[in-house]
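One-letter residues, chain by chain:
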Amino acid sequence: MTAENATAADVLVIFGITGDLARKMTFRSLYRLERRKLLDCPIVGVAFDDWSADQLREHARAAIEATGEPVDDDVFARFAARLSMVSGDFADAATYAKVATAIKGRTNPVFYLEIPPSLFGRVVDGLAGAGLTENARVVVEKPFGHDLSSAKALNDQLSAHLQEWQIYRIDHFLGKEPAMDIRYIRFSNSIIEPIWNRDRIESVQITMAENFGVADRGHFYDPVGALRDVVQNHLLQLIGLIAAEPSSGGPDGFRDKRVELFKSIRTADPKHYVRGQYAGYLDVDGVAADSQTETFVALKLYIDNWRWAGVPFFIRAGKSLPVRDTEIRIIFKRPPALPFLPKTGEQNEFIFRIDPNPGVDFVLQAKESGADASRAVNLCLTFSDEMAEAPEPYERLLGDAMHGDAGQFIREDGVEETWRIVQPLIEAPPPVEVYEQGSWGPSGANALVAGFPNWREPWLPTQK
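Residues numbered from 1 in each chain as written. Predicted model: local features only at pLDDT ≥ 70, side-chain atom pairs only at ≥ 80, totals over all residues. Heavy atoms only, no water.

*Asks:* Give me the lowdown on the overall build of the protein, citing residues and values where you can.
*Replies:* Looking only at helices and strands, one finds 14 helices and 15 strands in the protein. Relative to the compact-globule value of 23 Å for 464 residues, the protein shows a C-alpha radius of gyration of 24 Å, a close match. Once the C-alpha set of the protein is aligned to its principal axes, its extents read approximately 80 × 50 × 40 Å. By residue count, 54% of the 464 residues in the protein fall in the buried class. As displayed, the protein offers around 19,900 Å² of accessible surface, 51% of which is attributable to carbon and sulfur atoms. Placing the 50 positive and 66 negative side-chain charges of the protein at their respective mean positions leaves the two points 5 Å apart. (Helix = DSSP H or I, 4+ residues; strand = E, 2+ residues; numbered from the N terminus. Rg over C-alpha atoms; globule rule 2.2 N^0.38 Å. Buried < 20%, exposed > 50% of the residue type's maximum accessible area, 1.4 Å probe, protein only. Areas by Shrake-Rupley, 256 points an atom, 1.4 Å probe, with all protein chains shown as cover. Lys, Arg positive; Asp, Glu negative; His and termini not counted. Charge placed at Lys NZ, Arg CZ, Asp CG, Glu CD.)

Structure representation (structure tokens):
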């Protein structure tokens, strides 16, 4: 079997089903699939907790309700009937024997590992020892290592028993409907392709701003930091979507093009990298008293290919910033000065807003009423105003994994390339600069874009 002819799963087995991710995301996503009648196999939970199936079902309902998802009794009854439970230690071969008994007669299992990456190898070893991996697909969560060498080591563990087509690496950004819209907007509109290159584009800005801090996640966040948490994965994947060439289709078509694009991205230079830490971070429970972990990063990247040569891609991401916003902003070159245009105004921009309230905005210049000057006008579309309710990221990705569609998942060569890009920033990071909560980070971030358009204020849902 290969990725091209993978068949639909006949059972979903979730390791770590009593954990935090399942409580916040998985149960809700599976319930929504059930509601849309897209779930058609049993679900077996596996965890150390000694729970009965009834306890699991009660927990599932409480978790779904806690997310704010309205629960229909008939839909939940169908969903609950799919759930069963296996309890045991992941280090004990007897646990995998019980899993084998629970899924006996099933030939196309999907194993979803909602567990720390340090346990991936142990669980895959256990599944292989029980003879359960031959036709299986295994879904794993990030982080896929903490640097290039650890990413390769993790893949060695997985590939000891699995072929690459069997491994589905989740980055939930790739399951976001507005992220998938990027490819369609780029390649379904013939007016865009002729301007999507170095001849017309001056720079690209990608912002992922969060208006909250680390809160109670200090123990998790402090060993990780912003670069590893959101740049190496989420934001580089967005560059893959915005900058890759069109594909020939098929499950690996666009993944091939994303990897080709990543290989063209110049290894990041620590001289073009700014790190910040918001004031008060050191007081967060679980954060080391002398922590140098960054809660803000800004960096400049270049893509050395024909389409993008010379166009800088600026990334900034951080916590405790003024707003919550994730967007990609394409900034076009200025038009030439002409006699009938005494003032040329600002540059054209094309904005993809990923979150919140996804949409697109095309900033054009028009005549200022009563004056010989131009002003910016926004041709904006909020997707929810025009389109039906979109699947949530985990809803989409879990559904794809169960149906053998790997297109929105990450291959190992893509993982290694994105770590290669940021590796120098890990090895030789500049010192962190403290910034005030509610600001746009340290002043060095502004110096990073010198010679190019300044950082733009985000296009937010309330702006017209």
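*Asks:* Break down empty space enclosed by the protein for me, with residues and values.
*Replies:* With the rule as written, the count across this model stands at five cavities of 30 Å³ or more. In this structure, the largest cavity occupies an estimated 60 Å³ of space. Elements supplying a minimum of two residues to the lining of the largest cavity: helix H9 (225–243) and strand S10 (312–318). In terms of residue count, H9 provides more of the lining of the largest cavity than any other element does, three residues in total. (1 Å grid on protein atoms, 1.4 Å probe; cavity = no way out; pocket = protein on both sides within 12 Å on 5 of 7 lines; lining within 4 Å. Points joined across faces, edges and corners; volume = space filled by probe spheres on them.)

*Asks:* Lay out the pattern of salt bridges with the relevant residues and their values.
*Replies:* Considering all chains together, one arrives at 34 salt bridges under this definition. Where Arg329 meets Glu327, a salt bridge forms, and the shortest distance between an N and an O atom there is 2.9 Å. One salt-bridge network, in which partners are shared between bridges, spans Arg28, Arg32, Arg35, Arg36, Glu69, Glu392 and Glu395. (Salt bridge = Lys/Arg side-chain N within 4 Å of Asp/Glu carboxyl O.)

*Asks:* Lay out the side chain of Arg329 with the relevant residues and their values.
*Replies:* Along the chain, the position of Arg329 falls in strand S11 (residues 325–332). By relative accessible area, Arg329 is classed as buried at 6%. At a separation of 2.9 Å, a polar atom in the side chain of Arg329 contacts the side chain of Glu327. Residue contacts for Arg329: discarding those within four places in its chain leaves Ser203, Val204, Gln205, Glu349, Phe350, Ile351, Arg456, Glu457, Pro458 and Trp459. (Polar contact = N/O pair within 3.5 Å; in protein donor to acceptor, adjacent residues only side chain to side chain. Contact = heavy atoms within 4.5 Å.)

*Asks:* Report on the packing of H9 against helix H13 (residues 412–427), specifying residues and quantitative values.
*Replies:* When two helices pack together, you describe them by how their axes are tilted relative to each other and by the distance separating the axes. Where H9 contacts H13, the axes come no closer than 10 Å and their chain directions differ by 135°. It follows that H9 is oblique to H13 by the angle criterion. Judged by the twist between their axes, the crossing of H9 over H13 is right-handed. Between H9 and H13, the residues in contact are Leu227, Arg228, Gln232, Leu236 and Gln237 and Val415, Thr418, Trp419, Ile421, Val422, Leu425 and Ile426, respectively. (Axes fitted to C-alpha atoms, helices over the stretch in contact; angles between N-to-C directions. Parallel < 35°, antiparallel > 145°, perpendicular 65-115°, else oblique. Left-handed = near helix turned anticlockwise from the far one by under 90°.)

*Asks:* Give a description of the sheet that holds strand S13 (residues 359–367) that names residues and reports values.
*Replies:* The strands making up a sheet associate through hydrogen bonds between their backbones, and the pairing can be parallel or antiparallel. In spatial order, the strands read S14-S13-S12-S11-S7-S10-S9-S8-S15; together these nine strands make up an open sheet with mixed pairing. The sheet is open, and its two edges are formed by strand S14 (374–382) and strand S15 (432–435), each paired on a single side. Geometrically, the sheet is characterised by an average inter-axis angle of 20° between neighbouring strands, direction not taken into account. With four bridges connecting them, strand S8 (residues 273–278) and strand S9 (residues 296–302) associate as antiparallel partners. Each bridged residue has a counterpart across the sheet, and for Arg275 the counterpart in S9 is Val297. Relative to strand S12 (residues 349–355), helix H7 (residues 177–187) is tilted by about 150°, and along the sheet it contacts S11, S12 and S13. (Pairing = 2+ DSSP bridges.)

*Asks:* Just give me the short version of the sheet that holds strand S1 (residues 11–15), but keep the residues and values in it.
*Replies:* Taken together, six strands build an open sheet; the order of strands is S3-S2-S1-S4-S5-S6 and the sheet is parallel. Because the sheet does not close on itself, it has two edges, and the strands there are strand S3 (83–87) and strand S6 (167–170). Strand-to-strand twist in this sheet, taken as the mean axis angle between neighbours without regard to direction, amounts to 20°. As defined by bridge partners, strand S5 (residues 137–141) adjoins S6 across four bridges and the pair is classed as parallel. Paired with Val138 across the strands is Ile167, a residue of S6. The strands that helix H1 (residues 20–35) touches are S1, strand S2 (43–47), strand S4 (109–113) and S5; relative to S1, the one it contacts most, it runs at about 170°.

*Asks:* Give me the environment of Trp419: which residues, what numbers.
*Replies:* Turning to its location among the elements, Trp419 is positioned in helix H13. Through-space distance from the C-alpha of Trp419 to that of Asn108 is 32 Å; in sequence the pair is 311 residues apart. Setting aside residues no more than four positions away along its own chain, Trp419 makes contact with Phe144, Gly145, His146, Asp147, Leu148, Ala151, Arg228, Gln232 and Ile426. Only 3.0 Å separates the side chain of Trp419 from the backbone oxygen of Phe144, close enough to count as a polar contact.

*Asks:* Lay out the nonpolar core with the relevant residues and their values.
*Replies:* The biggest cluster of nonpolar side chains holds 99 residues, and the ones touching the most others in it are Phe15, Phe111, Leu113, Ile239, Leu301 and Phe313. Tallying contributions element by element places H9 first for this core, with eleven residues. (Core = buried A, V, L, I, M, F, W, Y, C linked by side-chain atoms within 4.5 Å.)

*Asks:* Go over helix H10 (residues 253–264), please, and point to the residues and values.
*Replies:* At 3.6 residues per turn, the α-helix brings residues three or four places apart onto the same side. In a regular helix each residue adds 1.5 Å, so twelve residues correspond to 16 Å; H10 covers 17 Å between its end C-alpha atoms and thus fits that length. Of all the residues in H10, the buried ones are Gly253, Phe254, Arg255, Arg258, Val259, Leu261, Phe262 and Ser264. Those residues of H10 hidden inside the fold are in contact with H7, H9, S9 and H13. (Expected span 1.5 Å × (residues − 1).)

*Asks:* Give me helix H5 (residues 120–129): which residues, what numbers.
*Replies:* Of all the positions in H5, only Phe120, Gly121, Val123, Val124, Gly126 and Leu127 are classed as buried. One or two positions beyond H5, positive phi appears at Gly131, with a value near 70°.

*Asks:* Tell me about the packing of H7 against H9, residues and numbers included.
*Replies:* The contact between H7 and H9 brings their axes to 8 Å, and the two run at 15°. With respect to each other, H7 and H9 are oriented roughly parallel. In the crossing of H7 with H9, the sense of the turn from one axis to the other is right-handed. Contacts from Ala179, Ile182 and Arg186 of H7 reach H9 at Leu238, Leu241, Ile242 and Ala243.

Scope: geometric values only; no functional claims are made or implied.
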